[in-house]
Amino acid sequence: MVPFIISGSDTIERNMEITNIEPYIVPIPPEGGEMVEDGHFWTETNWVFIEVETDEGVVGVGEANWTVFRARTVVQALEDMERFAVGLNPFDVETLRQRMYNGNHFLHTPGVVQSMVIGAIEMACWDIMGKVTGQPVYNLLGGKVNDRIRSYTYMHYKWMPPEPPEKAAEAARHYVDKGFTAVKLDPVRPKEGPRNPRIDELEYAEAAVAAVREEVGNEADILIGTHGQLYTHSARRLAARLEPYDPLWFEEPVPPENFGELREVVDSTSIPVSTGERLLTVHQMAQAVENGVRIIQPNVGLTGLLEARKMAGIAQAHYAQVAPWMYAGPIAGAASVHLCAAIPNYLLQESLEGWNGFHNDILEDGLEWDNGDLIPPEKPGLGVEFDRSVLESYAGEYRPESS
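My aim in this report is to walk through the structure given alongside it, one point at a time. (Residues numbered from 1 in each chain as written. Predicted model: local features only at pLDDT ≥ 70, side-chain atom pairs only at ≥ 80, totals over all residues. Heavy atoms only, no water.)

## Regarding the overall build of the chain
Counting its regular elements, the chain contains 14 helices and 13 strands. Considering only intrachain contacts with a sequence separation of at least 6, the fraction spanning at least 24 residues in the chain is 75%. Summing over all exposed atoms, the chain offers an accessible surface of approximately 15600 Å²; the carbon and sulfur share of this is 48%. Charge-centre separation for the chain: the mean point of 31 positive side chains lies 5 Å from the mean point of 61 negative side chains. (Helix = DSSP H or I, 4+ residues; strand = E, 2+ residues; numbered from the N terminus. Contact = heavy atoms within 4.5 Å. Areas by Shrake-Rupley, 256 points an atom, 1.4 Å probe, with all protein chains shown as cover. Lys, Arg positive; Asp, Glu negative; His and termini not counted. Charge placed at Lys NZ, Arg CZ, Asp CG, Glu CD.)

## Looking at empty space enclosed by the protein
Under the definition given, this model contains two cavities of 30 Å³ or more. Quantified by volume, the second largest cavity comes out at close to 40 Å³. Every residue lining the second largest cavity is listed: Arg97, Tyr101, Pro110, Ser115, Ile118, Leu280, Thr281 and Leu302. Elements with a minimum of two residues in the lining of the second largest cavity: helix H3 (93-102) and helix H4 (112-133). Within the lining of the second largest cavity, the residues separate by chemical class into five nonpolar, two polar and one charged. (1 Å grid on protein atoms, 1.4 Å probe; cavity = no way out; pocket = protein on both sides within 12 Å on 5 of 7 lines; lining within 4 Å. Points joined across faces, edges and corners; volume = space filled by probe spheres on them. Nonpolar A, V, L, I, M, F, W, Y, C, P; charged D, E, K, R; others polar.)

## So, the environment of valine 86
Tracing the sequence through the fold places valine 86 in the loop between helix H2 (71-81) and H3. As for valine 86 and isoleucine 21, which are separated by 65 residues in sequence, their C-alpha atoms are 8.1 Å apart. Not counting residues up to four positions away in its chain, the partners in contact with valine 86 are Ile18, Thr19 and Asn20.

## Examining the nonpolar core
Of all hydrophobic cores here, the largest spans 127 residues; its most connected members are Ile121, Met155 and Ile362. Contacts of isoleucine 121, omitting those with residues within four sequence positions, involve Ile21, Ile50, Val52, Leu78, Ala85, Leu96 and Met100. Tyr152, Ala182, Trp249 and Leu348 belong to the second-largest nonpolar core, a separate cluster that totals nine residues. (Core = buried A, V, L, I, M, F, W, Y, C linked by side-chain atoms within 4.5 Å. Buried < 20%, exposed > 50% of the residue type's maximum accessible area, 1.4 Å probe, protein only.)

## With respect to the sheet that holds strand S1 (residues 18-27)
Strands belonging to one sheet form pairs held by backbone hydrogen bonds; the direction of such a pair is parallel or antiparallel. Strand order in the open sheet formed by three strands is S1-S2-S3, and the pairing between neighbours is antiparallel. Of all the strands in the sheet, just S1 and strand S3 (59-64) have a single pairing partner and so form its edges. Across this sheet, the average inter-strand angle for adjacent strands is 25 degrees, counted without regard to direction. Here strand S2 (residues 46-54) pairs with S3 via six bridges, running antiparallel. Considered in S3, the bridge of glutamate 51 is made with valine 61. (Pairing = 2+ DSSP bridges. Axes fitted to C-alpha atoms, helices over the stretch in contact; angles between N-to-C directions.)

## Some words on the packing of H4 against helix H11 (residues 300-317)
Remark: H4 packs on H11, axes separated minimally by 6 Å, with the N-to-C direction vectors making an angle of 45 degrees. By the angle between their axes, H4 is oblique relative to H11. Taken as a pair, H4 and H11 cross one another with a handedness that is left-handed. For the pair H4 and H11, the contacting residues are Val112, Ser115, Met116, Gly119, Ala120, Glu122, Met123 and Trp126 in the first and Val300, Gly301, Leu302, Thr303, Gly304, Leu305, Leu306 and Glu307 in the second. Here the residues of the contact of H4 with H11 are counted per class, giving nine nonpolar, five polar and two charged. (Parallel < 35°, antiparallel > 145°, perpendicular 65-115°, else oblique. Left-handed = near helix turned anticlockwise from the far one by under 90°.)

## So, the side chain of aspartate 127
Along the chain, aspartate 127 falls in helix H4. Look at aspartate 127 and you get buried, because its relative accessible area is 0%. Non-local contacts of aspartate 127, meaning those with residues more than four positions away in its chain, are made with Val59, Gly60, Val61, Val137, Pro380, Gly381, Leu382, Gly383 and Glu385.

## Structural notes on the packing of H3 against H4
The interhelical angle for the contact between H3 and H4, taken along N-to-C directions, is 165 degrees, at an axis separation of 10 Å. Relative to H4, H3 is oriented roughly antiparallel. The handedness of the crossing between H3 and H4 is right-handed. Contacts between H3 and H4 pair Val93, Leu96, Arg97, Met100 and Tyr101 from the former with Gln114, Val117, Ile118, Ile121, Glu122, Cys125, Trp126 and Met129 from the latter. Its residues placed into classes, the contact of H3 with H4 shows ten nonpolar, one polar and two charged.

Next comes the structure, spelled out in structure tokens:
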């Protein structure tokens, strides 16, 4: 580790420069652990990791997510936008963001690929800063205020529509017995939207949520996901059916681009509305909060840590809480845990079951998950490093992605 030099004019942190960005496409193997248990979850997708190299020999790791159908496009964008980062001090993350956000007239309204690139490079810069200073990233974000990060998991690793509602109850019991105090289900998926579910679909959704509530009682919160697949009036109908079961949130009930319609849902239900996994900037998240969202779900692989920290500040000013999205690889997962550790208004962190299987195999030391909680790493930087033999054995084997 490069020591942190406090005195003198030629300190490492002042003079360090980014020299290269090395991308890695890593396909998740079909045998990737519990995430393919019972064959319920499709893992034929690709992670995009990066290593940001510096002239001082310090290397930071980052991750772009979610890259479905776009892994090779993201790598090309990383190569195209590397010009904005090379030569810059990795401590200058705000300057980095401004260069990559304002460096050209048509960069100013970012798309998802550009945001992935910014998020990944910025994430790696925070890793470098932590390694140089000898501090975990949460200490650079304001210090650790949460020693344990309460997590939740999707139940779809063990249950998915149209399986019987009683099987949803069994899946919920499985995860509560593992230590989770919150579980999430999409009772009307999987379909693209917006759409209007038939009455039998709404009845099925209610039956599934009712079965879960009956099974777990007050042992766990229930989180309702929809992936933005509903029309506004459909979301209101579903919410009315689910209110008696007291869900902790109703996630992305309508597509993310129309905040006025989102407000219509907020005003029609007592269930807190959450959103954010597809929002790219602090400006978009501010509009969500201004329209009544009280649980925001930033995706650090799209926003970067600095932007996500700003989003959390906006939420805090409105008494809103933060529950970061996380369906990604372990580098973005670690970054998200650091964010939760440093903010007073965190609520929950999405977890991929217990972060076992390939998520841990590709790291020297994986993320620590303990009885429902993620434990913030204490090592400098993001606190995770690749197992080089595993990374290099999988990198470059791009797998055609499926829906």
